[in-house]
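Coordinate analysis (summary)
One-letter residues, chain by chain:
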Amino acid sequence: MNKSPWIFLGVLFALSLSWWGMVFGPAAQVNAAKSDLGDGTALHPRSGLAQQGEQIYRANGCYYCHTRTATGGTFGYELQLTQLGEDQDLTAEIIGEEMFTVGNNIFNRAYEYKALAKALDALKAEEEKENGNVAKATEQKNKAITLAKGGNLEENLVALGVSGVSFDTNVVKALELPLEMTEVQQAKVANAVLPVTHGTESWDEIEDKVRGLKDRAGAQFKLLPKPKEWPDVENGTASRQSVSRDYLFDTHAMPGVMRMGPDLSNVGARRVSANELYAKIYNAQAGGVSSHMPPFKYLFNVRPLKDGEALPNGAVTLADGASVEENHVVTPNSKARALVAYLQSLRNDRSLPEAPLPGSIQSSKATE
């Protein structure tokens, strides 16, 4: 019996199966994947005028003089306690000297609240016993209240928050805390944090402290990254460094060549009005401003201003309201509108996993 056809079909089937598994399947998965910010929030490609403006930006060589690459820097870390561990001496030992310069009053007051909570639990336990020593437990409770009373209200609210305890109305009244807190005061308790570093320390400098608080003291905390030596962030050029995901939907990635002009990676988030951008594009030196940027007047419609005619809506003006071209009405054409729409779409003020915003809390809260 001739088995050649069956061998041929078997080989063809095996090749087809491998192609399906190694080429078609992965390609289908990639095509179905959705780009997002790392938290499920979808990233959308540019559309309409902004999409057209990308081509105008490229055609006019804007990327020669402008970059779209905000540079990064280094992070320092502010370690913020959100709930203290049970052992005061151990927690203080792990934290070190910073505690006594940052928030010693809050630290001690929080542990006074913890001690009061334990005294209240002890009193309740004695009351539930048939022959419980209620008098002694009550005395211990009163002593704890005496120690916990007093102090600055704002510090007390933070101390209450980081202590992790709650009290009934009678105890709150005895502690001279507000019986009915305002929304601001409630938020102060709910969002209470106690910084125990200065925000300039590197991870290597605080790693042992973080591990000690988590594993030995059982404290809860947050790490707040703070930028160190980030010129683009500090001077307001950008909110964070630029990464490859920022160019995901660009038809042509144009990170730029030099910074003869300002970096544009976050120009859309700088609250620069369309009129200001039009004026800059038409003639960057209008109004006596010094600039190396050449004029792009061919992107605008220009006509003489008639005698007694007021500037119409949509005319490009300077900061003082005068026309960008004296005695003329200047209005953007479709290419100029597309270019400005593109510029206003450029922003990097949203946090990404690989490029966190330096001023926002990115690291997870340690709770175990």
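These numbers were taken from a predicted model, which means no experiment stands behind them. (Residues numbered from 1 in each chain as written. Predicted model: local features only at pLDDT ≥ 70, side-chain atom pairs only at ≥ 80, totals over all residues. Heavy atoms only, no water.)

On a plain count of helices and strands, the chain comes out with 14 helices and five strands. Taking 21 Å as the expected radius of gyration for a compact globule of 368 residues, we find that the chain reaches 32 Å, considerably beyond that expectation. Structurally, the chain occupies a C-alpha span of about 100 × 95 × 35 Å along its principal axes. By residue count, 37% of the 368 residues in the chain fall in the buried class. Relative to all contacts within the chain whose residues are 6 or more apart in sequence, the contacts with residues 24 or more apart total 77%. Of the roughly 21,600 Å² of accessible surface on the chain, a fraction of 52% belongs to carbon and sulfur atoms. (Helix = DSSP H or I, 4+ residues; strand = E, 2+ residues; numbered from the N terminus. Rg over C-alpha atoms; globule rule 2.2 N^0.38 Å. Buried < 20%, exposed > 50% of the residue type's maximum accessible area, 1.4 Å probe, protein only. Contact = heavy atoms within 4.5 Å. Areas by Shrake-Rupley, 256 points an atom, 1.4 Å probe, with all protein chains shown as cover.)

Phi is positive for Glu-176, close to 65°, though the residue is something other than glycine. Mapped onto the secondary structure, Glu-176 falls in the loop between α9 (169-174) and α10 (183-190). The phi dihedral of Arg-271 falls on the positive side, at around 60°, and the residue is not glycine. Secondary-structure assignment places Arg-271 in the loop between α12 (231-234) and α13 (274-282).

Further remarks concern the side chain of Asn-156. Within the secondary structure, Asn-156 sits in helix α8 (residues 153-163). Residues contacting Asn-156, with those up to four places away along its chain left out, are Arg-109, Tyr-113, Gly-150, Gly-151 and Leu-177.

This brings us to the environment of His-292. By the secondary structure assignment, His-292 is in the loop between α13 and β4 (300-304). Exposure remark for His-292: the relative accessible area of 69% places this residue in the exposed category. Distance in space between the C-alpha atoms of His-292 and Cys-65 is 9.5 Å, their sequence separation being 227 residues.

Turning our eyes to something else, we now look at the layout of surface pockets. In this structure, the largest pocket spans a volume of roughly 530 Å³. Along the walls of the largest pocket sit 25 residues, with His-66, Pro-262, Leu-264, Lys-280 and Met-293 positioned nearest its centre. Only α3 (62-65), α13 and α14 (334-345) provide two or more residues apiece to the lining of the largest pocket. Top contributing element to the lining of the largest pocket by residue count: α13, with four residues. Its residues placed into classes, the lining of the largest pocket shows 16 nonpolar, six polar and three charged. By volume, the second largest pocket is sized at about 440 Å³. Lining the second largest pocket are 23 residues, with Arg-46, Asp-246, Ser-345, Arg-347 and Arg-350 positioned closest to its centre. Its residues placed into classes, the lining of the second largest pocket shows eight nonpolar, six polar and nine charged. (1 Å grid on protein atoms, 1.4 Å probe; cavity = no way out; pocket = protein on both sides within 12 Å on 5 of 7 lines; lining within 4 Å. Points joined across faces, edges and corners; volume = space filled by probe spheres on them. Nonpolar A, V, L, I, M, F, W, Y, C, P; charged D, E, K, R; others polar.)

Enumeration over the complete set of coordinates arrives at 17 salt bridges. The salt bridge partner of Glu-126 is Lys-129, with a shortest N-O separation of 3.5 Å. Close ionic contact of Lys-188 with Glu-154 constitutes a salt bridge, the shortest N to O distance being 3.2 Å. Pair noted here: Lys-188 is in helix α10 and Glu-154 is in helix α8, with a separation of 34 residues, a long-range link. Each member of the salt-bridge network shares a partner with another, and the members are Arg-46, Arg-68 and Asp-250. (Salt bridge = Lys/Arg side-chain N within 4 Å of Asp/Glu carboxyl O.)

Contact pair helix α2 (residues 48-59) / α14: the axes reach a minimum separation of 7 Å and the direction vectors enclose 100°. Here α2 lies roughly perpendicular to α14, going by the angle between them. Residues Leu-49, Ala-50, Gln-52, Gly-53, Glu-54, Ile-56 and Tyr-57 of α2 lie in contact with α14, whose contacting residues are Ser-334, Lys-335, Arg-337, Ala-338, Leu-339, Ala-341, Tyr-342, Leu-343 and Ser-345. Here the residues of the contact of α2 with α14 sort into nine nonpolar, four polar and three charged. (Axes fitted to C-alpha atoms, helices over the stretch in contact; angles between N-to-C directions. Parallel < 35°, antiparallel > 145°, perpendicular 65-115°, else oblique.)

Further remarks concern helix α4 (residues 88-95). By the burial criterion, the buried members of α4 are Leu-90, Thr-91, Ala-92, Ile-94 and Ile-95. In this structure Asp-87 caps α4, since a side-chain oxygen of it lies 3.1 Å from the backbone nitrogen of Asp-89. Remark: Gly-96 follows α4 within two positions and exhibits a positive phi of approximately 90°. (Polar contact = N/O pair within 3.5 Å; in protein donor to acceptor, adjacent residues only side chain to side chain.)

Our next topic: the packing of α8 against α10. In the contact formed by α8 and α10, the axes pass within 7 Å of each other and the chain directions differ by 45°. In this view, α8 runs oblique relative to α10, as classed from their interaxial angle. Residue-level contacts link Leu-153, Glu-154, Leu-157, Val-158, Leu-160 and Gly-161 of α8 to Gln-185, Lys-188 and Val-189 of α10. A breakdown of the residues in the contact of α8 with α10 according to their chemical character gives five nonpolar, two polar and two charged.

Attention shifts here to the sheet that holds strand β1 (residues 74-83). Sheet strands pair via backbone hydrogen bonds, and the direction of the pair is either parallel or antiparallel. Spatially, β2-β1-β3 is the arrangement adopted by the three strands of the open sheet, whose pairing is antiparallel. The outermost strands of the open sheet, each flanked by one partner alone, are β2 (194-195) and β3 (220-228). As defined by bridge partners, β1 adjoins β3 across nine bridges and the pair is classed as antiparallel. Counterpart to Glu-78 in the pairing with β3 is Leu-224. (Pairing = 2+ DSSP bridges.)

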